[in-house]
Amino acid sequence: MTARILAASAPGEIRIAVTDAAGLRDYALWRPGWPDGVGDLHRGRAGARLTAMGGTFIDLADGASGFLPDSAAPGPLAEGDPVLVRIVRAPQDGKGARLTATGLVLPEGQSPSGPPALLARGPTPLDALAAAWPHAPIVIDDAALAARLPAGLRGRVQRERHAFDAETEAACAALAEPSVTLPGGLRATITPTPALVAIDMDGGAASSDRRAKQTAQFAANRDALPALLHQIRLRNLSGAIVIDVAGLAIRKRPALRETIEAALAQDPLRPRFLGFSALGLAEIMRPRIRPPLHALLSEAPGQMLRMLDEWARQVTGQPGRAPALRVGTDLARALGHDPGAIADTAQLSGHQPAWRLDPSLSPLSWTLDHV
């Protein structure tokens, strides 16, 4: 089975899975109403320079800002200078976008001077996966999606009633769970924190193994680690990642280096394995570019889109007027920001969603209003 790029449409969101005979190979979310900015080209304006941080804050369009390291700047910048920049890392974890100004060309017809402005959008997550898998057909389940694709991709498009089959749905849904089942009966628990992602491996794979305990534990971890490291890619976990392998004595853990490095070599972001700490934790540094999946799902835009999807599933095919939504403050703000998601919901469900703010609800809560 050759690889296929499956694009499943939902209100305000396209879930993109790359699959082949081995199963789920890549995964991403594309939210047209909430672009992450990666690859966007801006005419910016230099703000304050922070010598201690080795860079300059740059004002971008729509009141946004980013950080331009001195190593990626075109030269010394005075406050107020215009500068052409591209976003190379999306804002995440409370930090602004990371920028570069090297190797950029001003688009034809654009002026190098003027207020901050967005000059060109970067590739969408679907564009990026299509480039990474250049021979894979793109399977869509919504004809309207084809119109959003660059002309160069439309020849690869195939239309099916459902882009995801049941197996793909289950594999993608599992990516939202903090616990991962691994080969050999091991499990891993993934805990993102502001500083790093902590992963604990555990399980009884070696408990029934009749070999010596450490031999069995080494084999169990060796066999499970490639699947765990693939989960890091699918969930787009990034930054500092530490893994506590299951049961193996600290002095034995360096023997897993070859297994870890071979698995990381399959990741297009080329994470670095930094070795094992004094506590025996495997340390990995994976570049931060797009936001991780857990952030996309848990923050207000993700919760709002999930609400609209659940509402659409409940009311599709129902006669008469659909119940309205009562929403908390954060969901209300997200709804106001994304009219495209509301239009998608109406198209998919056959009902125009109505909503009102209910300050008595928690910010990310919602309920149906049958009145």
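Residues numbered from 1 in each chain as written. Predicted model: local features only at pLDDT ≥ 70, side-chain atom pairs only at ≥ 80, totals over all residues. Heavy atoms only, no water.

The protein chain appears in an unreviewed UniProt entry as Ribonuclease from Gluconacetobacter asukensis. What the UniProt record of the protein chain gives under Cofactor (unreviewed entry) is the line "Mg(2+)". (UniProt positions renumbered as here; feature names shortened; annotations may be inferred.)

Caption draft 1: Expanded view of the packing of helix H4 (residues 213-234) against helix H5 (residues 257-264). Relative orientation of the contacting elements H4 and H5 amounts to 25°, with a least axis distance of 9 Å. Taken together, the axes of H4 and H5 lie roughly parallel to each other. You can see that H4 and H5 cross each other, and the crossing is right-handed. Of the residues in H5, those touching H4 at Arg222, Leu225, Pro226 and Leu229 are Thr259, Ile260, Ala263 and Leu264. When the residues that make up the contact of H4 with H5 are grouped by side-chain class, the tally is 6 nonpolar, 1 polar and 1 charged. (Axes fitted to C-alpha atoms, helices over the stretch in contact; angles between N-to-C directions. Helix = DSSP H or I, 4+ residues; strand = E, 2+ residues; numbered from the N terminus. Parallel < 35°, antiparallel > 145°, perpendicular 65-115°, else oblique. Left-handed = near helix turned anticlockwise from the far one by under 90°. Contact = heavy atoms within 4.5 Å. Nonpolar A, V, L, I, M, F, W, Y, C, P; charged D, E, K, R; others polar.)

Caption draft 2: Highlighting the sheet that holds strand S11 (residues 157-159). Spatial ordering of the open sheet is given by S3-S2-S1-S10-S11, a layout of 5 strands whose pairing is mixed. Each end of this open sheet is capped by a strand with a single partner; those strands are strand S3 (23-30) and S11. Ignoring strand direction, the axes of neighbouring strands in this sheet form an average angle of 25°. Bridging between strand S1 (residues 4-10) and strand S10 (residues 138-140) involves 3 bridges; their strand directions are parallel. Residue Ile5 lies in a different strand from S10, and its bridge partner there is Ile138. The strands touched by helix H1 (residues 125-132) are S1, strand S2 (13-20), S3 and S10; relative to S3, the strand with the most contacts, the crossing angle is about 150°. (Pairing = 2+ DSSP bridges.)

Caption draft 3: Quick look at the layout of surface pockets. Considering only enclosed or pocket space, the second largest pocket measures out at about 740 Å³ in volume. What lines the second largest pocket is a set of 35 residues, among which Ala22, Gly23, Leu24, Arg25 and His230 lie closest to the centre. Of the residues forming the lining of the second largest pocket, the biggest block, 7 residues, is contributed by H4. Looking at the lining of the second largest pocket residue by residue, the classes come out as 19 nonpolar, 8 polar and 8 charged. (1 Å grid on protein atoms, 1.4 Å probe; cavity = no way out; pocket = protein on both sides within 12 Å on 5 of 7 lines; lining within 4 Å. Points joined across faces, edges and corners; volume = space filled by probe spheres on them.)

Caption draft 4: Just the pairing of strand S4 (residues 41-50), in detail. Of the pairings in the sheet, the one linking S4 to strand S7 (residues 82-89) comprises 5 bridges and is antiparallel in character. Bridge pairing in S7 places His42 opposite Val85. Relative to strand S9 (residues 117-120), S4 runs antiparallel, the two being bridged by 3 bridges. What sits directly across from His42, in S9, is Leu118. In this sheet, strand S5 (residues 55-59) lies alongside S4 in antiparallel orientation, the contact comprising 4 bridges.

Caption draft 5: Seen up close, the domain arrangement of the protein chain. As assigned here, the protein chain comprises domain 1 (4-35 + 124-169), domain 2 (40-120), domain 3 (177-286) and domain 4 (299-368). Using C-alpha coordinates to define each centre, domain 3 is positioned 39 Å away from domain 4. (Domains from an automatic or database assignment.)

Caption draft 6: Representation of the UniProt feature "domain: S1 motif" (unreviewed entry) in the protein chain within the structure. Per the UniProt record, "domain: S1 motif" (unreviewed entry) is found at residues 39-102. Its end C-alpha atoms 13 Å apart, residues 39-102 is made of 0% helix and 50% strand.

Caption draft 7: Up close: the packing of helix H7 (residues 300-315) against helix H8 (residues 329-337). Closest axis-to-axis distance for the H7/H8 pair is 9 Å, and the angle between their directions is 80°. When the interaxial angle is binned, H7 and H8 end up roughly perpendicular. Together, Ala300, Pro301, Gln303, Met304, Met307 and Leu308 of H7 and Asp330, Leu331, Ala334 and Leu335 of H8 make up the contact between the two elements.

Caption draft 8: Inspection of the pairing of strand S17 (residues 282-286) at higher detail. In S17, alternate side chains face the same way, and those of Ala282, Ile284 and Arg286 are buried while those of Glu283 and Met285 on the opposite face are not. Across 5 bridges, the pairing between strand S15 (residues 239-244) and S17 is antiparallel. Counterpart to Ile243 in the pairing with S17 is Ala282. As defined by bridge partners, strand S16 (residues 272-276) adjoins S17 across 4 bridges and the pair is classed as antiparallel. Pairing of Phe273 across the sheet is with Ile284, part of S17. Connecting S16 to the antiparallel partner S17 that follows it, the hairpin turn spans 5 residues, and Gly280 within it adopts a positive phi of roughly 85°. (Buried < 20%, exposed > 50% of the residue type's maximum accessible area, 1.4 Å probe, protein only.)

Caption draft 9: Spatial organisation of the pattern of salt bridges. This model, assessed by the stated rule, comprises 19 salt bridges. Close ionic contact of Arg257 with Glu261 constitutes a salt bridge, the shortest N to O distance being 3.0 Å. On the criterion of helical spacing, the pair formed by Arg257 and Glu261 is a turn pair, its members being 4 residues apart in helix H5. Taking the relative accessible area as the measure of exposure, Arg257 reaches 37% and is therefore partly exposed. (Salt bridge = Lys/Arg side-chain N within 4 Å of Asp/Glu carboxyl O.)

Caption draft 10: Inspection of a nonpolar patch on the surface at higher detail. On the surface, Leu50, Met53 and Phe57 cluster together to form a nonpolar patch covering roughly 250 Å² of accessible area. Locating Met53 in the fold gives a position in the loop between S4 and S5. (Patch = residues over 30% accessible without salt bridge, like charges linked within 9 Å, V, L, I, M, F, W, Y side chains within 5 Å. Areas by Shrake-Rupley, 256 points an atom, 1.4 Å probe, with all protein chains shown as cover.)

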